[in-house]
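Summary of structural features
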Amino acid sequence: MPKQAVVTDKITRPIGPFSPAIVDNGRIYTSGQVAQDPNTGKLIDGGVAAQTAQAIHNIETVLAAAGKSLGDVVKVNVYLTDMKSFTEMNGVYAEFFRAPYPARTTVAVVALPLGAAVEIEVVAS
């Protein structure tokens with residue numbers, strides 16, 4: 001089966017030439033999600049905890065459009081603009097994912113789209 005774009009009108013349209021997610025050979029690869037409010041398209045107010053929760057909610061929405069859930073996630077990549085926020089992000093992250101936890105990578109980056117403090121992408125199967 002050829003790759004297929006996952007689209008939904010329940011999140012903000014991508015700010016660049018990319019799909020919210022792609023399904024390829026039964027796996028779903030999401031594009032990175034920041035804490036955009038799905039109604040306004042603007043980054044939500046609040047710190048890393050609030051932004052982490054919103055980014056994960058956006059991922060849930062994309063996965064649901066593909067018929068999947070967070071329980072189907074096998075890999076997560078988290079990008080933070082400040083590793084001092086790791087503990088705060090991790091606390092919120094743990095509210096959404098259950099054992100066996102997905103494999104995960106967390107890295108610090110210089111900047112993220114819209115001035116976000118966190119961006120998250122996942123692979124689900």
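These remarks concern the structure in this document. (Residues numbered from 1 in each chain as written. Predicted model: local features only at pLDDT ≥ 70, side-chain atom pairs only at ≥ 80, totals over all residues. Heavy atoms only, no water.)

**A word on the nonpolar core**
Keep this limit in mind: As used here, the term nonpolar core means buried Ala, Val, Leu, Ile, Met, Phe, Trp, Tyr and Cys residues forming a set that is joined through side-chain atoms within 4.5 Å. Only protein chains enter the calculation, and the probe is 1.4 Å; a residue is then buried if its accessible area is under 20% of its type maximum, exposed if over 50%, and partly exposed in between. Helix and strand assignments follow DSSP, with helices taken as H or I runs no shorter than four residues and strands as E runs no shorter than two, numbered in order from the N terminus. Any two residues having at least one pair of non-hydrogen atoms within 4.5 Å are treated as being in contact.
Core analysis: the largest hydrophobic core is formed by 27 residues, its most contacted members being L63, L70, V73, V76, F97 and I120. Of all the secondary-structure elements, those providing two or more residues to this core are β2 (21-24), α1 (48-65), β4 (73-80), α2 (86-96) and β6 (118-124). Element by element, the count of residues in this core is highest for α1, at 7 residues. Among residues more than four places away in sequence, those in contact with V76 are Y93, F97, P102, A103, R104, T105, I120, E121 and V122.

**Some thoughts on a nonpolar patch on the surface**
Under the convention used in this document: Surface patches are defined over residues having more than 30% relative accessible area and no salt bridge, joining like charges when they lie within 9 Å and nonpolar side chains (Val, Leu, Ile, Met, Phe, Trp, Tyr) when within 5 Å. Using a 1.4 Å probe, the Shrake-Rupley method yields the accessible areas, and only the shown protein chains count as cover for residues. For this analysis, a salt bridge means a side-chain nitrogen from Lys or Arg found within 4 Å of a carboxyl oxygen belonging to Asp or Glu.
A cluster of nonpolar side chains, namely I15, F18 and L114, defines an oily patch on the protein surface of about 300 Å² accessible area. Here F18 falls in the partly exposed class, since its relative accessible area comes to 40%.

**So, the layout of surface pockets**
Put simply, the rule reads: Grid spacing is 1 Å over the protein atoms alone, the probe is 1.4 Å, and a cavity is where that probe fits but cannot get out, while a pocket is an open set with protein on both sides within 12 Å along at least five of seven lines and lining residues have an atom within 4 Å of a point. Grid points are joined across faces, edges and corners, and a volume is the space filled by probe spheres set on the points. Throughout this entry, Asp, Glu, Lys and Arg are counted as charged residues, while Ala, Val, Leu, Ile, Met, Phe, Trp, Tyr, Cys and Pro are counted as nonpolar. The remaining residues, Gly among them, count as polar.
Counted as a void, the largest pocket has a volume near 180 Å³. What lines the largest pocket is a set of 14 residues, among which F18, G32, Q33, V34 and Q36 lie closest to the centre. For the lining of the largest pocket, the per-class residue count stands at 7 nonpolar, 5 polar and 2 charged.

**Describing unusual backbone geometry**
Cis geometry is adopted by the peptide bond preceding P100, which originates at A99 and carries an omega value of -5°. With a phi close to 50°, N25 is a non-glycine residue in the positive phi region. Checked against the element boundaries, N25 lands in the loop between β2 and β3 (27-30). At L114, a position not held by glycine, the phi torsion is positive, near 65°. Residue position: L114 is located in the loop between β5 (103-108) and β6. A relative accessible area of 45% places L114 in the partly exposed class.

**Some points on the sheet that holds β2**
In plain terms, the rule: Note: two strands are recorded as paired if DSSP finds a minimum of 2 bridges between them. Structural elements are reduced to axes, namely lines fitted to C-alpha atoms, with helices fitted over the stretch in contact, and the angle between N-to-C directions of any two is expressed from 0 to 180 degrees.
Ordered in space as β1-β2-β3-β6-β4-β5, the 6 strands form an open sheet in which the pairing is mixed. Since the sheet does not close on itself, it has two edges, and those belong to β1 (4-6) and β5, each with one partner. Taking the axes of each pair of neighbouring strands and ignoring which way they run, one obtains an average angle of 20° across the sheet. Pairing between β3 and β6: 2 bridges, direction antiparallel. Residue pairing across strands places I28 opposite A124, the latter belonging to β6.

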